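Survey of secondary and tertiary structure
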Amino acid sequence: MRAIRQQNGNAILHRISASALSTLYLAAISVQCAVAYRTGQQSQHFRSKSLINHVNSVRILYHELEMTTPRLLDGNAIARQIKAEVAAEVQQLATQGIRPGLAAVLVGHVPASEIYVRSKVRTCEQLGLFSDLITPPDTVTTEEMLQLVADLNAREDIDGILIQLPLPKHVNAKLLLEAVSPAKDVDGFHPVNVGRLQTGQPALAPCTPSGMIEMLKRSNLPISGQNAVVIGRSDIVGKPISILLLQQNATVTICHSKTRDLGSFTRSADILVAAIGRPGYVTPDLVKPGATILDVGINRITTREEFDKYFAGDEKREEMFVLKGSTIVGDVHPAAFNVAGAYTPVPGGVGPLTIAMLMSNTVRAAKLRRGLAV
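The sections below set out a description of the structure shown in this document. (Residues numbered from 1 in each chain as written. Predicted model: local features only at pLDDT ≥ 70, side-chain atom pairs only at ≥ 80, totals over all residues. Heavy atoms only, no water.)

In terms of helices and strands, the chain carries 13 helices and 11 strands. The buried share of the chain, taken over its 374 residues, is 47%. Taking as baseline every contact in the chain between residues at least 6 positions apart, the subset at least 24 positions apart corresponds to 71%. Of the roughly 19,200 Å² of accessible surface on the chain, 55% is carried by carbon and sulfur atoms. (Helix = DSSP H or I, 4+ residues; strand = E, 2+ residues; numbered from the N terminus. Buried < 20%, exposed > 50% of the residue type's maximum accessible area, 1.4 Å probe, protein only. Contact = heavy atoms within 4.5 Å. Areas by Shrake-Rupley, 256 points an atom, 1.4 Å probe, with all protein chains shown as cover.)

The residue after L165, namely P166, is reached through a cis peptide bond having omega 5°. Geometrically, the link from V346 to P347 is a cis peptide bond, its omega value of 0° lying close to zero. Its place among the elements puts P347 in the loop between β11 (342-343) and α13 (351-369). The phi torsion at D261 lies on the positive side, around 55°, for a residue other than glycine. Mapped onto the fold, D261 is located in the loop between β6 (251-255) and α10 (263-266). Look at D261 and you get exposed, because its relative accessible area is 53%.

Within strand β5 (residues 227-231), 4 of the 5 residues are buried, leaving the element largely enclosed by the surrounding structure. One ladder, built from 5 bridges, connects β5 with β6; its direction is parallel. Each residue of the ladder has a partner; that of A228, found in β6, is V252. Tracing the backbone out of β5, into helix α9 (residues 238-247) and back to the parallel element β6 gives a crossover that is right-handed. Relative to strand β7 (residues 271-274), β5 is paired through 4 bridges, and the arrangement is parallel. Across the sheet, I231 pairs through a bridge with A274, a residue of β7. (Pairing = 2+ DSSP bridges. Right-handed = clockwise from strand over helix to strand, strands pointing away.)

Counting across every chain of the model gives 4 aromatic pairs. An aromatic cluster of at least three residues, connected via ring pairs, comprises F307, Y310, F311 and F321. (Phe/Tyr/Trp six-rings, centres within 6.5 Å; stacked < 30°, edge-to-face > 60°.)

We now examine the pattern of salt bridges. Applying the stated criterion across every chain yields a total of 12 salt bridges. Its salt-bridge partner being K367, residue E89 comes within 2.5 Å of it at the nearest N-O pair. Here E89 is found in helix α3 (residues 75-94), whereas its partner K367 is found in helix α13, with 278 residues between them in sequence. Judged by relative accessible area, E89 falls into the partly exposed class, the value being 28%. Using a relative accessible area of 12% as the deciding quantity, one classes K367 as buried. Residue R155 is joined to D157 by a salt bridge in which the shortest nitrogen-to-oxygen separation is 2.9 Å. The partly exposed category is assigned to D157, whose relative accessible area is 35%. Here the salt bridges do not stand alone but share partners, grouping E156, D159, R369 and R370 into one network. (Salt bridge = Lys/Arg side-chain N within 4 Å of Asp/Glu carboxyl O.)

Spatially, β3-β2-β4 is the arrangement adopted by the 3 strands of the open sheet, whose pairing is parallel. One side of each edge strand has no neighbouring strand; the edge strands of this open sheet are β3 (130-134) and β4 (160-163). Neighbouring strand axes in the sheet, compared pairwise and without regard to direction, differ in orientation by 15° on average. Relative to β3, strand β2 (residues 101-105) is paired through 5 bridges, and the arrangement is parallel. Its bridge partner lying in β3, A104 is registered against L133. (Axes fitted to C-alpha atoms, helices over the stretch in contact; angles between N-to-C directions.)

The first and last C-alpha atoms of α3 sit 28 Å apart over 20 residues, in line with the 28 Å expected at 1.5 Å per residue. Turning to α3, its buried residues number three or more, namely G75, I78, A79, I82, V86, A87, V90 and L93. Among the residues of α3, the N-terminal cap falls to D74, whose side-chain oxygen and the backbone nitrogen of N76 are separated by 3.0 Å. (Expected span 1.5 Å × (residues − 1). Polar contact = N/O pair within 3.5 Å; in protein donor to acceptor, adjacent residues only side chain to side chain.)

Turning our attention to the sheet that holds β11. Strand order in the open sheet formed by 6 strands is β1-β11-β8-β7-β5-β6, with parallel pairing between adjacent strands. Pairing within the sheet leaves two strands with one partner each, and these edge strands are β1 (71-72) and β6. Packing against the sheet, helix α8 (residues 207-218) makes contact with β7 and β8 (292-295), and its axis sits at approximately 150° to β8.

A word on the side chain of N299. Relative to the helices and strands, N299 is located in strand β9 (residues 299-301). Overall, N299 belongs to the buried group, its relative accessible area being 11%. Here N299 is in contact with G277, R278, P279, T327, I328, V329, G330 and D331, once residues within four sequence places are set aside.

And the structure:
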């Protein structure tokens, strides 16, 4: 905790110092202008050299101040960009008589899953994609689900198949996901797509990692040559984002819960991906000043003790916590964002990009299935 407070304090003092120096330079300019006016020293020399030099000094200081202020990466804004591009592609495909289609399979009644899947179906409608929501009962068997997948594989109006997880415990989820045709695997989980991704072949990549790459590119944040550290090794996020970063010429290190001396790796990271599934796991002392942080975590907290640990003094978050009885925190402690150069908030960061990339993958699958350029 002492290290966290010290690092936060250093960051704040740096910004205060830069701000104070900027103010002093502005004051100096004002004084010199006043002296020049009263003494009649309004020569071209003064205007062209002395004043311009001071103005340039202030500009440099303000630039430095701006660079030390963490930049919030707005996932909602980037998701809107991607969706607009998808809608344009859908319109273009319509001129060829093609309408990309997504089948979403939702088993049983899990409230969170229902909300999530219906938002995907609604997004399909908004962008002009065809969608088919299929809702088997939670008593469905693995055999019945395999037959359903086989039927969807055979349908020409379906380009993407989404099976919402988690499934009931009696259903073999692994067997089911592998039964999905790789050409329609818009989640990018099938071993064939994983292999294609790793070997640099055209593939359907997992949506969340793909969205993170789009976040970096569209925010004009460098990837090539950067040190990237990924905390987490899941098949859904950790491993695929490592491959995608490597494809963009980053130098990638994968860390996890068993990594010894985690800070020795993370403190050299220009890009730090937190996808370990533990609330506030990445603290300020683990972050390289100026690093870009991509926080994939979504952890619900419900107790006052947890809230005060992460959000003490955050009045806006406090209001929502009291109203709903809970809030969410990522895998990064909010205090660590003060050290960063850029970061994704939770919520509103990586999350919105997942659905946007699902739509993009569905269009991509439609093109690949028909031999069209992607």
